[in-house]
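Here is how the chains run, residue by residue.
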Amino acid sequence: MKIALIQDQLLTCAGSERVFLYMCQEFKEADIFTLCYNKETTLPEFKNFNIKVHPLFNKLIRSHKIFKIFFPISTYAMELWDFSKYDLIISSSATTAKYVKRFNGKHICYCYIPTRAIWNFDGYFTGVVGFKERVFKLFKNYFKNRDMKAASRVYKFLAISEITRVAINNCYKRDSEVLFAPIELPILDNTNIQKKDFYLIVSRLEKWKELEYPIKAFNKLNLPLKIIGIGPELSRLKNMANTNIEFLGGVDDNELSKYYSQALAVIFSPELEYGLVPIEAAAHGTPSIALGKGGVMETMINYDGKPTAIFYDHPDEKSLEDAVVSFQKISFETDILIKHAQSFSIPIFKNKFRNFVKSIQDDIKSSNMSS
């Protein structure tokens, strides 16, 4: 049975790229596709695979910023791409990969969230009033109709969280199953974890990630905050920050692991459908101070009755300030945090995903036998 694995893009080192890497590792028999691939800016492990790219768009799109600009056009490219020789399509998608149209088999979509720019326009473009955003808004209903048609061609959806499952149902009128995304568990000597006097943010520096109010809060608290990540908001956020806030840019996995282990807590400020960062922090024995909305409420639950995070109610500086003060009075247990994170291991994810795919393959075989 011929399988095609398809990812929206491979231009960054974010969560969806890591999940797609685990899919590629599990399904070595599959051919791997993405609209555009830049080996210099995405995960280095993809160099070990034969990545097939779109012949035109791979030349045009070399960064995530350009990818977002080309998104509406690139969906047509994905529709025209020929996957007719494959019995099974597995897409990893929040944007373009789910638009595949020229195929004869079944399509499974592991969906991170229905495309934010289309279905959550105001939240995604918060405070942005540029020309391209105005044009996009004019065509928003047209894009919604196209997105729904793309979803109608999917045989089965897998959702990254209950939040995404509800969104798939609301936007696409489709049912789905939930399979939490995994994290790579670090090899740690718990006894050697030495906490230092700083808090940590790990995030792409984009408007919708809601990083402005944490900076304002830590300006007032005057506590050390380190921010790991790159993105278009870097200059603006730097100009807002006092000297107690340090921007570290992009770091490799070893450096990231070090900062996770040493931080007092990770600050998680956006409302997302999932959010890998709090789970990654827990795997390093570090709790999170998180906005109590979205997928984090599914993943950062108590473990054996003991806390894995502290939540605050409103996405504003005052609410976060109060949460940081409350955090300083709470005791977290390193072993509890690490045990909680282990339920999100890569082997568990791969096994569940493989079993789900096998059930679809059995459906295909049964269908072929009866026809």
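Residues numbered from 1 in each chain as written. Predicted model: local features only at pLDDT ≥ 70, side-chain atom pairs only at ≥ 80, totals over all residues. Heavy atoms only, no water.

An account of the packing of helix α9 (residues 212-221) against helix α14 (residues 317-327) is requested, with residue identities and associated values reported.
Running from amino to carboxyl end, α9 crosses α14 at an angle of 55°, the nearest separation of the two axes being 8 Å. Relative to α14, α9 is oriented oblique. Once α9 is placed against α14, the crossing between them reads as right-handed. Along its contact with α9, which presents Tyr-213, Pro-214, Lys-216, Ala-217, Phe-218, Lys-220 and Leu-221, the element α14 presents Glu-317, Leu-320, Glu-321, Val-324 and Val-325. Counted by class, the contact of α9 with α14 contains eight nonpolar, no polar and four charged residues. (Axes fitted to C-alpha atoms, helices over the stretch in contact; angles between N-to-C directions. Helix = DSSP H or I, 4+ residues; strand = E, 2+ residues; numbered from the N terminus. Parallel < 35°, antiparallel > 145°, perpendicular 65-115°, else oblique. Left-handed = near helix turned anticlockwise from the far one by under 90°. Contact = heavy atoms within 4.5 Å. Nonpolar A, V, L, I, M, F, W, Y, C, P; charged D, E, K, R; others polar.)

Could you give an account of the sheet that holds strand β2 (residues 31-34), naming the residues involved and the relevant values?
Sheet architecture is open: seven strands sit in the order β3-β2-β1-β4-β5-β6-β7, paired in parallel fashion. If you trace the sheet from one side to the other, it starts and ends with β3 (51-53) and β7 (176-178), each paired once. With direction set aside, neighbouring strand axes in the sheet form an average angle of 25°. As paired strands, strand β1 (residues 3-7) and β2 are joined by four bridges and run parallel to one another. Along β2, the bridge assignment pairs Ala-4 with Asp-31. (Pairing = 2+ DSSP bridges.)

Residues and numbers for the packing of aromatic side chains, please.
Evaluated as defined, the whole model comprises 24 aromatic pairs. With a centroid separation of 5.9 Å and an interplanar angle of 75°, the aromatic rings of Phe-27 and Phe-353 are classed as edge-to-face. Residue Phe-27 is found in the loop between α1 (15-26) and β2, and its partner Phe-353 is found in helix α16 (residues 346-370); the two are separated by 326 residues along the sequence. Note on accessibility: Phe-27 and Phe-353 belong to one class, buried. Ring geometry for Trp-81 against Phe-83: centres 5.4 Å apart, planes inclined by 55°, an arrangement best described as tilted. Accessibility classification places Trp-81 together with Phe-83 in one group, the buried group. Among the aromatic residues, those joined into a cluster by ring pairs are Phe-27, Tyr-110, Tyr-112, Phe-349 and Phe-353. Directly above the aromatic system of Tyr-76 lies the positively charged group of Arg-146, at a separation of 3.8 Å from the ring centroid. (Phe/Tyr/Trp six-rings, centres within 6.5 Å; stacked < 30°, edge-to-face > 60°. Buried < 20%, exposed > 50% of the residue type's maximum accessible area, 1.4 Å probe, protein only. Lys NZ or Arg CZ within 6 Å of the ring centre and 35° of its normal.)

So what about the pattern of salt bridges? Which residues, and what values?
Pairing is possible between side chains of opposite charge, provided their charged atoms come close. Under the definition given, this model contains 22 salt bridges. The salt bridge partner of Asp-31 is Lys-52, with a shortest N-O separation of 4.0 Å. Note that Asp-31 is positioned in strand β2 and Lys-52 in strand β3, a separation of 21 residues in sequence. Salt-bridge contacts for Glu-206 lead to Lys-68; the nearest nitrogen and oxygen are separated by 3.5 Å. In this pair, Glu-206 sits in the loop between β8 (199-202) and α9 while Lys-68 sits in helix α3 (residues 64-80), placing the two residues 138 residues apart along the sequence. On the accessibility criterion, Glu-206 (5% relative accessible area) is buried. Of the residues examined, Lys-68 reaches a relative accessible area of 33% and is grouped as partly exposed. Each member of the salt-bridge network shares a partner with another, and the members are Lys-207, Glu-212, Lys-216, Glu-233 and Arg-236. (Salt bridge = Lys/Arg side-chain N within 4 Å of Asp/Glu carboxyl O.)

Help me get a handle on helix α15 (residues 334-342), residues and values and all.
Along α15, the residues that are buried comprise Ile-336, Leu-337, Ile-338, His-340 and Ala-341. Residues of α15 that are buried in the fold lie against α12 (277-283) and α13 (296-299).

Give me a nonpolar patch on the surface: which residues, what numbers.
Taken together, the side chains of Tyr-76, Phe-131, Val-135, Leu-138, Phe-139 and Tyr-142 present a nonpolar region at the surface, about 650 Å² in accessible area. Take Phe-131: it is sitting in helix α6 (residues 131-138). By relative accessible area, which is 66% here, Phe-131 ends up exposed. (Patch = residues over 30% accessible without salt bridge, like charges linked within 9 Å, V, L, I, M, F, W, Y side chains within 5 Å. Areas by Shrake-Rupley, 256 points an atom, 1.4 Å probe, with all protein chains shown as cover.)

So, the nonpolar core: which residues are in play, and what are the values?
In terms of nonpolar packing, the biggest core is built from 116 residues, with Phe-83, Tyr-110, Tyr-199, Ile-289 and Phe-353 touching the most fellow members. Per-element accounting of this core gives the leading share, seven residues, to α16. Ile-289 has contacts with Tyr-199, Ala-265, Val-266, Ile-267, Phe-268, Ile-310, Tyr-312, Leu-320, Ala-323, Val-324 and Phe-327, leaving out every residue within four places of it along the chain. By size, the runner-up hydrophobic cluster in this structure holds nine residues, among which are Cys-111, Phe-157, Ile-168 and Tyr-172. (Core = buried A, V, L, I, M, F, W, Y, C linked by side-chain atoms within 4.5 Å.)

Quick rundown of the packing of α3 against helix α7 (residues 140-152)? Include the residues and the values.
A packed helix pair is summarised by two numbers, namely the angle formed by the two axes and the spacing between the axes. Direction vectors running N to C along α3 and α7 enclose 25°, while the axes themselves pass 12 Å from each other. It follows that α3 is roughly parallel to α7 by the angle criterion. Along this stretch, α3 crosses α7, giving a crossing that reads as left-handed. Residues Pro-72, Thr-75, Tyr-76 and Glu-79 of α3 form the contact with α7, whose own contacting residues are Tyr-142, Phe-143 and Arg-146.

Hey, could you go over the environment of Val-135 for me, with residue numbers and the actual values?
Tracing the chain through its elements places Val-135 in helix α6. Looking at Val-135, the relative accessible area reads 31%, which means it is partly exposed. The spatial distance from the C-alpha of Val-135 to the C-alpha of Tyr-155 is 32 Å, given a sequence separation of 20 residues.

Go over unusual backbone geometry, please, and point to the residues and values.
Look at Lys-173: it is not a glycine, yet its phi comes out positive at around 60°. Looking at where Lys-173 falls in the secondary structure, it is placed in the loop between α8 (162-172) and β7. Take Lys-173: its relative accessible area is 61%, and that puts it in the exposed class.

The values are spatial; any link to function lies outside them.
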